[in-house]
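Coordinates in review
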Amino acid sequence: MTDDSPDQPHDFIREQIRSDLATGLHDHVVSRFPPEPNGYLHIGHAKSICLNFGVAAEFGGHCSLRFDDTNPAKEDQAYIDAIMEDVRWLGFDWGEHLHYTSDYFEQLYDWAVHLIREGLAYVDELSPEEMREYRGTLTEPGRESPSRNRGVEENLDLFARMRAGDFADGEKALRAKIDMASGNINMRDPVLYRIVRAPHPRTGDAWHIYPMYDFAHGQSDALEHVTHSLCTLEFEDHRPLYDWLIDNLPAPARPRQYEFSRLNLTHTVLSKRRLIQLVEERHVSGWDDPRMPTLTGLRRRGVPPVAIRDFIGRLGVTKSDGIVEMSYLENTMREHLNQTAQRRMAVLDPLKVVIENYPDDADDELDAVNNPNDESAGSRKVAFSREIYVERADFMEDPPRKFFRLGPGREVRLRYAYLVTCTDVIKDDAGNVIELRCTYDPESRGGNAPDGRKVKGTIHWVSAEHAVSAEVRLYDHLFTEEEPGSGDDWLDGLNPNSMELRQGCLLEPSLADLPAGETVQFERLGYFCADPDGAADNLVFNRTVSLRDTWAKEKAKG
RNA sequence: UGGGGCGUAGCCAAGUGGUAAGGCAUCGGGUUUUGAUCCCGUGUACCGCAGGUUCGAAUCCUGCCGCCCCAGCCA
């Protein structure tokens, strides 16, 4: 491959850009990320964000953030604010290039008038139902509206009155005059403007008519001198209309639209409609529920934005639609967290252990490495004492040979501490194990015995006296099914155990003041971050992702 | 029965006529005070199918099959 920049991604869009730069069609790149402010951004949007901001940065140019706010009935300022926050969090900066389609309403109106004067647009009074009927079907051509050949002056007058608010919603609409027999339904005299008597988040009551997506998007691109207008595959058959409008308007630039496939992920849904439904029907706690594939949800879950960017980058950009395994995302999260997350100890399901030969009053602090993959992370002191807690799952009364943990008479290493041997098992009346008695080897401080004996298992622990308690939320896939049904039954695939609540977990005390936004590894368990639901006296942690667990896999095999 | 796309290993994806990259997963093995990490090894992908052109095709041609999108005054 002949390439001067082997580290840069290669895909058909970047190839197109290279070509356009090479032929001199453009000498820089202008792109844009154009969300409609009617919902929260999800990981699918991240693909578009990374692509658009990515190419602008790679080839010189800029990428703007443009709110496609042409439908006041569904949009809201709160979404605008949230979207900006999410894009920034993901790691992108639009600088001065913040735009709103609503900024162009006046220009768009003038252009509509221009089309009318050219005889390329007309005011129609077919009702929505009639219009659907006249449109024909996928296989049959449509019929022309009786209003189609109305005179220019009358159209001009009617359109002005639409703007003035003389008509009710749906009473009239401005349509392009193209071809009612086109195989491409978007070309069958598409509606350009409709009457919507609703206040707009930005323009208030100034307008009673609003441009449709098709009459706004390409023109906004042109006004911003966008060179490459990148969107998803479903807009492919809008491209002829996009081009038709630019061709028939005195547009200041000639953007080209390119389409790529959107991201699909297993075990979740990525359609705005469904995400809204999950929120509204309370299947999740909100847009930022850590189980949601929204950027705000992933953030609350503790996923570093760089992991998302990296994940998106690994997928590439193509036109073929597929469905990416959620485990791929999780793996990317682990990969980044493994390098950067500090290690801590936390016991999620505590089982008390008394070390009988350990002094009551010892004041023992052990050195624990903060991140074995990053020496600069240093180490910390962890208090040890006679009574500790270990993970209940790290003890078995009658363990199989390959269980490298605690069992009667078995010796294990307490991470960074001592070698201990289980000497007694204490049970309640019902026969449940409630406490372990152990002895420790005073010579093994730090975790190694002077005699060099091998201890296969190392388990984590917390000091009873020093630990802080917390609630921990363990998340799993939102859907048990890889691909939630495409029909109304899609909710049937919801995972009833997508969140497991653990109360009374015991954490290493340093976790009490873990800064928000920092994700740490609970050794041997996974990556966790503090949740905003928590308070100083009521810590709450979210599991970002578990560690890979080959032991669990081994057990599952039987 | 219309229009627009897409089909390379379980998933993502290179490849643009010269005889199939890479990543993830899987399965082995090694190292290891996280059964994590790390390291090493591991896949015959009939390149959707069938013909054709060519010395030679995943790459060109023809036909077929499968999947996705489009009939909002949503984007």
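If you're wondering where the values come from, they're calculated on a predicted model, not measured in any experiment.

A few words now on the sheet that holds strand β6 (residues 191-195). Think of a sheet as strands paired side by side through backbone hydrogen bonds, with each pair either parallel or antiparallel. Strand order in the open sheet formed by four strands is β4-β5-β6-β7, with antiparallel pairing between adjacent strands. Pairing within the sheet leaves two strands with one partner each, and these edge strands are β4 (121-124) and β7 (209-211). For this sheet the average axis-to-axis angle between neighbouring strands, irrespective of direction, equals 20 degrees. Judged from the four bridges that link them, β4 and strand β5 (residues 173-176) form a sheet pairing that is antiparallel. Residue pairing for β5: V123 is matched across the bridge by L174.

If you look at the biggest cluster of nonpolar residues, it comprises 38 residues, and the most contacted ones within it are I43, I49, V87, L295 and I308. Going through the elements one at a time, α2 (43-59), β2 (61-67), α3 (77-90), α10 (295-301), α11 (305-315) and α12 (326-340) are the ones with two or more residues in this core. Structurally, this core is a two-domain feature, drawing no fewer than three residues from each of domain 1 (12-260) and domain 2 (272-342 + 470-557). Ignoring anything within four residues of it in the chain, the contact list for L295 reads L41, H42, I43, A46, I49, D86, W89, L90 and I308. Core analysis: the next-biggest nonpolar cluster, separate from the first, contains 33 residues, L108, V196, A216 and L241 among them.

Close to RNA strand B lie 65 residues; R343, F404, R415, G446 and R548 are nearest. Across the atoms of RNA strand B situated within 4 Å of the protein, the share located in sugar and phosphate is 64%. Here D237 contributes a side-chain N or O atom positioned 3.0 Å from a base nitrogen of RNA strand B. Here the surface near RNA strand B gets four residues from one element, more than from any other, and that element is helix α5 (residues 128-135). Broken down by class, the residue content of the surface near RNA strand B amounts to 21 nonpolar, 22 polar and 22 charged.

Summarising burial for strand β24 (residues 526-530): four of the five residues are buried, a large majority. Strand direction decides the pairing type here: strand β23 (residues 519-522) and β24, joined by four bridges, are antiparallel. From the neighbouring strand, Q521 faces β24, where its bridge partner is Y527. A loop of three residues connects β23 with β24, the two strands running antiparallel in sequence, and R524 in this loop sits at a positive phi of about 70 degrees. By the bridge criterion, five bridges tie β24 to strand β25 (residues 539-546) in an arrangement that is antiparallel. The residue bridging Y527 from the neighbouring strand is V545, located in β25.

Our next topic: the confidence of the model for chain A. Residues of chain A with pLDDT of at least 70 account for 99%, and the chain-wide mean is 96. Here residues 1-6 is a poorly scored stretch, pLDDT under 50, and it has four contacts once near neighbours within four places are set aside; other chains count. Interface scoring of the predicted complex returns ipTM 0.97; its pTM is 0.96.

For the rest of this paragraph, the subject is helix α4 (residues 105-117). An α-helix turns once every 3.6 residues. As a result, residues three or four positions apart point the same way. For α4, spanning 13 residues, the distance from its first C-alpha to its last is 18 Å, which sits close to the expected 18 Å at 1.5 Å a residue. For α4, the set of buried residues is F105, L108, Y109, W111, A112, V113, L115 and I116. With its phi angle positive at about 75 degrees, G119 sits one or two positions after the end of α4.

Okay, the packing of aromatic side chains next. Taken as a whole and judged by the stated rule, the model has 23 aromatic pairs. With a centroid separation of 4.8 Å and an interplanar angle of 10 degrees, the aromatic rings of Y109 and F159 are classed as stacked. With a gap of 50 residues between them, Y109 in helix α4 and F159 in helix α6 (residues 152-164) connect regions that are remote in the sequence. Measuring from ring centre to ring centre gives 5.7 Å for F522 and F541, while their planes differ by 55 degrees; the resulting arrangement is tilted. A residue pair is termed long-range when its members are at least 10 positions apart, and F522 in strand β23 and F541 in strand β25 qualify at 19 residues. On the basis of relative accessible area, F522 is assigned to the buried category, the value being 0%.

Let us look at the side chain of S444. Along the polypeptide, S444 turns up in the loop between β18 (433-440) and β19 (458-459). Residue contacts for S444: discarding those within four places in its chain leaves A417, Y418, L419 and A449.

Another point: the packing of α4 against helix α7 (residues 213-223). Helix-helix packing is described using two parameters, namely the angle between the two axes and the distance between the axes. Direction vectors running N to C along α4 and α7 enclose 110 degrees, while the axes themselves pass 11 Å from each other. Judged on the interaxial angle alone, α7 and α4 are roughly perpendicular. Of the two elements, α4 crosses α7, and the hand of that crossing is right-handed. Taking contact as the criterion, the partners of Q107, L108, W111, A112 and L115 in α4 are, on α7, F215, A216, Q219 and L223.

To continue, consider the pattern of salt bridges. It is possible for side chains of opposite charge to pair when their charged atoms get near one another. Overall, the coordinates contain 46 salt bridges when judged by the stated rule. Note that R32 is salt-bridged to D221, the shortest N-O span being 3.9 Å. With R32 in strand β1 (residues 29-33) and D221 in helix α7, this residue pair connects regions lying 189 residues apart in the sequence. Residue classification places R32 among the buried positions, given a relative accessible area of 0%. The class for D221 is buried, based on a relative accessible area of 0%. A salt bridge links D394 to R405, with the nearest nitrogen and oxygen atoms 2.9 Å apart. Of the two residues, D394 sits in the loop between β15 (387-391) and β16 (411-414) while R405 sits in the loop between β15 and β16, which places them 11 residues apart along the sequence. Both residues of the pair, D394 and R405, count as buried.

Next up on the list: the packing of α2 against α11. Between α2 and α11, the shortest axis-to-axis distance is 10 Å and the interhelical angle comes to 75 degrees. Regarding the angle of α2 to α11, the classification is roughly perpendicular. Only I308, R309, F311 and I312 of α11 make contact with α2, whose side of the interface consists of I43, A46, K47 and C50.

Parameters and conventions
- Residues numbered from 1 in each chain as written.
- Chains lettered and ligands numbered in written order.
- Predicted model: local features only at pLDDT ≥ 70, side-chain atom pairs only at ≥ 80, totals over all residues.
- Heavy atoms only, no water.
- Pairing = 2+ DSSP bridges.
- Helix = DSSP H or I, 4+ residues; strand = E, 2+ residues; numbered from the N terminus.
- Axes fitted to C-alpha atoms, helices over the stretch in contact; angles between N-to-C directions.
- Core = buried A, V, L, I, M, F, W, Y, C linked by side-chain atoms within 4.5 Å.
- Buried < 20%, exposed > 50% of the residue type's maximum accessible area, 1.4 Å probe, protein only.
- Domains from an automatic or database assignment.
- Contact = heavy atoms within 4.5 Å.
- Near = heavy atom within 4 Å.
- Polar contact = N/O pair within 3.5 Å; in protein donor to acceptor, adjacent residues only side chain to side chain.
- Nonpolar A, V, L, I, M, F, W, Y, C, P; charged D, E, K, R; others polar.
- pLDDT = per-residue confidence, 0-100.
- Expected span 1.5 Å × (residues − 1).
- Phe/Tyr/Trp six-rings, centres within 6.5 Å; stacked < 30°, edge-to-face > 60°.
- Parallel < 35°, antiparallel > 145°, perpendicular 65-115°, else oblique.
- Left-handed = near helix turned anticlockwise from the far one by under 90°.
- Salt bridge = Lys/Arg side-chain N within 4 Å of Asp/Glu carboxyl O.

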